[in-house]
Structure formats: C-alpha cells, structure tokens
Amino acid sequence: MRFRGGAAAGLTAVVLVALVGCGARAGGKAEDAADAGSVVADVRDSSAALQGRWWSWAASEPDGTNPVVDRDGSQCGRNQPGDVWFLAGTFGGQVKRDCRIPHGWPIALPVINSFGDRERCADFMGDARGTVVLDGEPVEPEVHEGDTIVVEGAPGNPVTGEEGTFTATGCGLWVEIPPLAPGRHSLAIRGQSGDFSVGVDYALTVAAP
C-alpha cells in the first residue's frame, strides 16, 4: 500500500496485496477459530462481496496488530470471519510470514488490489499483474475489474485511516483456494501495478482434523 488514510473523505486509492490470514475473533489465534474435527464449507462469495469482506477484515485492526503491517505472521489470525481464511499483503515491499490455519478452511486473497473510484480502478488494473505459486505449482488469479463494495473500518486502522462504513469501487487480482490438506504448505505471492509492488512468502501450517 503506497499511502494510508482519507478513504471515506475523497476515496483516495489504497493499494494492497493480500494473503489469507488466521483466526475467528479479535485477538484470537488460529486454533481458536474452529473446534477440532470441524470443517468449514468451501464458500465462494460474489466478487463484490469478497472484496468488501476482505477490505473490512484488513481494516478491522489498529496499526499495532494489523495483519497488513505484520512482519512475521504473528497477527495472521486477527478477526478471521469464520467461513474463509483471509491472508494479507503489505504496504509495499516483501515479507516472510508463518501462519497456522485451522483444518477445513478455504483461503481467499488478493494478489494485488485497490479501491477508490472507477477511474482510479481502471488505471490501476490497466497495469496490474501478479503471480501466485502454491507448493511449487502456479495458481491463476481471477481478474476483478471494478465492483461496488462496502468497506467498514475500525478506529485507528492503517488501511482506511478512519472509522466508519463507506462505499467505493474495488478491483484487483484475486485467488480463492479450497481447503488444504493438513501439514506444511508454501505460498508465494508477487503483485505489481505501476511502480508499486508487493511480495509475500507464506509458510502455512494446516492443523490436523
């Protein structure tokens, strides 16, 4: 993300790369999100719903515990919604993160994404590109050119910069992954639009059922 704040007032574009994180409640850990042996259905939202839910998740924590600011994966379980596991990117640059995910959860993430007005999204998507590699195999991102989304931000969050709910246009390259087998997995994300680029290397550990 190149800059922060002022989302509701003027809808200044915010750029992020995201990878699916961990958890089910504020401050919760991955193992708190689902009881042992439970399985979450593979849920596929509409493009607009997925983007709105992800941005609201990314904006649900203040700077100190926000999963986008996270340098090592220790915040990946913050405020996970309960039916999908979101991963976060960065405000620019590359990081490596370790994240533990409950068994049976599908994963959703943007490779690179933005919100603002329709003109901003059109410019952003005209140069957007990215790759995702899961356990050594490429995963083809889906292109979401521009959808009307609803975003809710918590006080002090670094994503929207302010508290409140607003409507914007969301766009980006996105990946949805069915629940992974228990054990260790690698997930490498690289995204770029213009001079902004993000890279995240995730070491994912899926809990046994």
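Preceding this paragraph is the structure being described.
Conventions used here
Residues numbered from 1 in each chain as written. Predicted model: local features only at pLDDT ≥ 70, side-chain atom pairs only at ≥ 80, totals over all residues. Heavy atoms only, no water. Phe/Tyr/Trp six-rings, centres within 6.5 Å; stacked < 30°, edge-to-face > 60°. Helix = DSSP H or I, 4+ residues; strand = E, 2+ residues; numbered from the N terminus. Buried < 20%, exposed > 50% of the residue type's maximum accessible area, 1.4 Å probe, protein only. Disulfide = S-S within 2.5 Å. Pairing = 2+ DSSP bridges. Axes fitted to C-alpha atoms, helices over the stretch in contact; angles between N-to-C directions.

Undergrad: Can you walk me through the packing of aromatic side chains in this structure?
TA: To describe a pair of aromatic rings, you give the distance between the ring centres and the angle between the ring planes. If you walk through the whole model with that rule in mind, you get seven aromatic pairs. Taken together, a centroid distance of 6.1 Å and an interplanar angle of 55° make the contact between Trp-54 and Trp-57 tilted. Taken together, the residues Trp-54 and Trp-57, both in helix α2 (residues 47-58) and three residues apart, mark about one turn of the helix. Overall, Trp-57 belongs to the buried group, its relative accessible area being 4%. Ring geometry for Trp-85 versus Trp-105: centroids 5.0 Å apart, planes at 85°, classification edge-to-face. Linking Trp-85 in strand β2 (residues 85-86) with Trp-105 in the loop between β3 (93-101) and β4 (107-116), this pair joins segments that are 20 residues apart in sequence.

Undergrad: Please clarify how the state of the cysteines should be interpreted in this entry.
TA: As used in these notes, a disulfide is a covalent bond between sulfur atoms, one from each of two cysteines. A complete count under the given rule lists two disulfides for this structure. Across the disulfide from Cys-76 sits Cys-99; the S-S distance is 2.4 Å. Here Cys-76 and Cys-99 share a disulfide; its torsion about the S-S bond, 90°, makes the bridge right-handed. In this pair, Cys-76 sits in the loop between α2 and β2 while Cys-99 sits in strand β3, placing the two residues 23 residues apart along the sequence. Relative accessible area serves as the criterion here: at 7%, Cys-76 is assigned to the buried category. Shown here is the disulfide that connects Cys-121 with Cys-171, its sulfur atoms set 2.2 Å apart. Residues Cys-121 and Cys-171 are joined through a disulfide that is left-handed, its torsion about the S-S bond being -90°. Of this pair, Cys-121 sits in helix α3 (residues 118-125) while Cys-171 sits in strand β8 (residues 164-177), and the two are 50 residues apart along the sequence. A single burial state applies to Cys-121 and to Cys-171, both of which are buried.

Undergrad: Please explain the sheet that holds strand β10 (residues 196-206) as it appears in this structure.
TA: Picture the strands of a sheet paired through backbone hydrogen bonds; they go either parallel or antiparallel. Taking strand neighbours across the sheet as the criterion, the five strands line up as β3-β10-β9-β5-β6 in an open arrangement whose pairing is mixed. Both outer strands of the open sheet, β3 and β6 (137-139), are each paired with one neighbouring strand and no more. On average, each strand axis in the sheet is inclined to that of its neighbour by 20°, with strand direction left out of account. Note: strand β5 (residues 129-134) against strand β9 (residues 183-193), six bridges, orientation antiparallel. Bridge pairing in β9 links Val-132 to Ile-189.

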